[in-house]
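# Topology and contacts: notes
Spelled out, the chains give:
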Amino acid sequence: MDLPCGPHTLTFADRPLVMGVLNLTPDSFFDGGRHDVAGAATRHARRMAAEGADLIDVGAESTRPGADPVSAGDELARLLPVLEGIAALDLGVPLSVDTAKPEVADRALAQGAHLINDISGAGEAMLEVAARHEAPVIAMHMQGEPRTMQQEPRYDDVVAEIRDYLAERVAAGRDLGVDVLVDPGIGFGKTLEHNLDLLANLRELRQIGAPLVLGTSRKSFLDRLLGGVPVEERLTGTLAVNAWAAALGRADVLRVHDVGPHRQLAESIGALRRRRRSSAPRRRVLARGIACRSRIGVTTAERAKPQELLVDIDVTLTAQPPGRRDELGGTVDYAQLAAIAQAVAGRHEYRLVETLAERIAATVGRETPRVSGGSTPWSRIKSLRVRVLKPGAAGAIGAAEVGAEIDWRP
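These lines cover the structure that appears in this document, whether it is placed above or below. Fair warning: this is a prediction, and the values are worked out from it, not measured in the lab. (Residues numbered from 1 in each chain as written. Predicted model: local features only at pLDDT ≥ 70, side-chain atom pairs only at ≥ 80, totals over all residues. Heavy atoms only, no water.)

Along the protein, the regular secondary structure elements total 13 helices and 15 strands. Counting over 410 residues, the protein shows a buried share of 49%. Counting contacts in the protein only where the partners sit at least 6 residues apart, residues at least 24 apart contribute 66% of the total. When the accessible surface of the protein is summed, it comes to about 19,300 Å², and 48% of that surface belongs to carbon and sulfur atoms. (Helix = DSSP H or I, 4+ residues; strand = E, 2+ residues; numbered from the N terminus. Buried < 20%, exposed > 50% of the residue type's maximum accessible area, 1.4 Å probe, protein only. Contact = heavy atoms within 4.5 Å. Areas by Shrake-Rupley, 256 points an atom, 1.4 Å probe, with all protein chains shown as cover.)

Whether parallel or antiparallel, the strands of a sheet pair through hydrogen bonds between backbone atoms. Sheet architecture is open: five strands sit in the order E13-E11-E12-E14-E15, paired in mixed fashion. If you trace the sheet from one side to the other, it starts and ends with strand E13 (349-350) and strand E15 (403-408), each paired once. Here strand E12 (residues 307-317) pairs with strand E14 (residues 381-389) via eight bridges, running antiparallel. Bridging across to E14, Thr316 finds its partner in Ser383. The sheet strands contacting helix H11 (residues 334-347) are strand E11 (283-296), E12 and E13, and the helix crosses E11 at an angle near 25°. Across the face of the sheet, helix H12 (residues 353-366) comes into contact with E11, E12, E13, E14 and E15 while running at roughly 150° to E14. (Pairing = 2+ DSSP bridges. Axes fitted to C-alpha atoms, helices over the stretch in contact; angles between N-to-C directions.)

Looking now at the sheet that holds strand E8 (residues 180-183). Judged by pairing direction, the sheet is parallel, and its eight strands sit side by side in the order E8-E7-E6-E5-E4-E3-E10-E9 without closing on themselves. A single partner strand is all that each edge strand has here, and the edge strands are E8 and strand E9 (213-214). Pairing geometry for strand E5 (residues 95-98) and strand E6 (residues 115-118), over three bridges, is parallel. Its bridge partner lying in E6, Val97 is registered against Ile116. Sitting on the sheet, helix H4 (residues 124-133) is in contact with E6, strand E7 (137-140) and E8, with an inclination near 170° to E6. The strands that helix H5 (residues 158-175) touches are E7 and E8; relative to E8, the one it contacts most, it runs at about 165°.

A separate point is H5. Taking 1.5 Å of rise per residue, the 18 residues of H5 would be expected to cover 26 Å, and the 26 Å separating its terminal C-alpha atoms lies within 8% of that figure. Residues of H5 that are buried: Val158, Val159, Ala160, Ile162, Arg163, Leu166, Arg169, Val170, Ala172 and Gly173. On its buried face, H5 sits against H4, E7, E8, helix H6 (192-200) and helix H7 (202-206). The positive-phi residue at the C-terminal boundary of H5 is Gly177, with phi of around 75°. (Expected span 1.5 Å × (residues − 1).)

With that settled, the discussion passes to helix H3 (residues 102-111). Regarding H3, the residues found buried are Val104, Ala105, Ala108 and Leu109. End-on view of H3: buried residues confined to an arc of 130°, all on one side of the axis. At its buried positions, H3 is contacted by helix H2 (72-89), E5, E6 and H4. Trailing H3 by a residue or two, Gly112 shows a phi angle of about 130°, which is positive. (Arc of directions from axis to C-beta.)

Another aspect to go through is the pairing of strand E2 (residues 8-11). The alternating pattern of E2 places His8 and Leu10 on a buried face, while none of Thr9 and Thr11, on the opposite face, is buried. When strand E1 (residues 2-5) meets E2, the two strands line up antiparallel, connected through four bridges. Bridging across to E2, Asp2 finds its partner in Thr11.

Bringing the environment of Arg303 into the picture now. Following the sequence through the fold, Arg303 ends up in the loop between E11 and E12. By relative accessible area, which is 14% here, Arg303 ends up buried. Along the primary structure Arg303 and Arg351 are separated by 48 residues, whereas in three dimensions their C-alpha atoms are 8.0 Å apart. There is a polar contact of 3.2 Å between the side chain of Arg303 and the side chain of Glu349. (Polar contact = N/O pair within 3.5 Å; in protein donor to acceptor, adjacent residues only side chain to side chain.)

Moving on, we get to the pairing of strand E3 (residues 17-23). When you tally the buried positions in E3, you get seven out of seven residues, the bulk of the element. Both faces of E3 are covered, namely the face carrying Leu17, Met19, Val21 and Asn23 and the face carrying Val18, Gly20 and Leu22. Bridge analysis of E3 against strand E10 (residues 253-256) gives four bridges, and the strand direction is parallel. Bridge pairing in E10 links Gly20 to Val256.

Here you go:
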């Protein structure tokens, strides 16, 4: 996927892009005061570009927990001279302006920035600025605002709520013709558990269909996760978390303070991902609607006579070697699946449909009859699903279907 970004193009392929952080603030949590002079800032930008930054994010207002806001005038006074100096270097990488103020973003884009990184989620005014400049926007989720965001943040379902919020921002941007990237906002109004839930379930955020930016660099959740690690010693933890997300293909952009190590991480993961072999096609054998009879029910009266049941069995097989994919020994016999279901259903009385489904699944997975003409037992079964439906019970309550379904692995 290619994303236009001013005169540049962001290409999302096998490796994540590395976004270098350039803080012009005196009070940022890690590098505050190091680059708040224009000369030091431009030198650091040049260094990050040399280390392999794909884009550079320039911010002039601290967003650390507890930080006080600054005025637009103060933010611009810090920001504009540095943007001018970096633009003069012609580093060949896009510049992002890290701001939540539409008026600051407007001036920064006019001064040479190419995209907006908005921790406040890219509201309508910010999207209008982006549309006017034809600039992409990173919309980040934050609960509250920096000064108060870590005061008992609460969610019913942190992953679902943030997914839905960011999806809405992407849709709002699309209405104005703006490309929106999404950032779950690790550490912005989240507890350690919230952060871990988000990182472990980034796949759900991928459902939004927008490039995902991940900012975990040296953040305080690593201190709590690792049992007391000062900010100066959090590079290893940062690399581990970002490697997890990159290797699984969950992050498109890594926003980091340490560009060199992360460019090595990104290149290494990209090379490995390019060398992966295509997965063998998953094979499934289906036997559905098997008519069975069983004495089943909670009460003795229900179990007094057999009931009609319908059983579905879906078997997933392990991959066959290329030269043996058309051999009978690598599959299972539909007739034997049906025979097992009917035998297990008729063999005993059952109080619960779930129990019958489990017994059928276990029997299919345990028994190893051979397919006629084949030589391989059913050891190729990777997993199976058994579904038992009670048509009579469904009709009695006006339902289309009632029953139970079991996922089972040998």
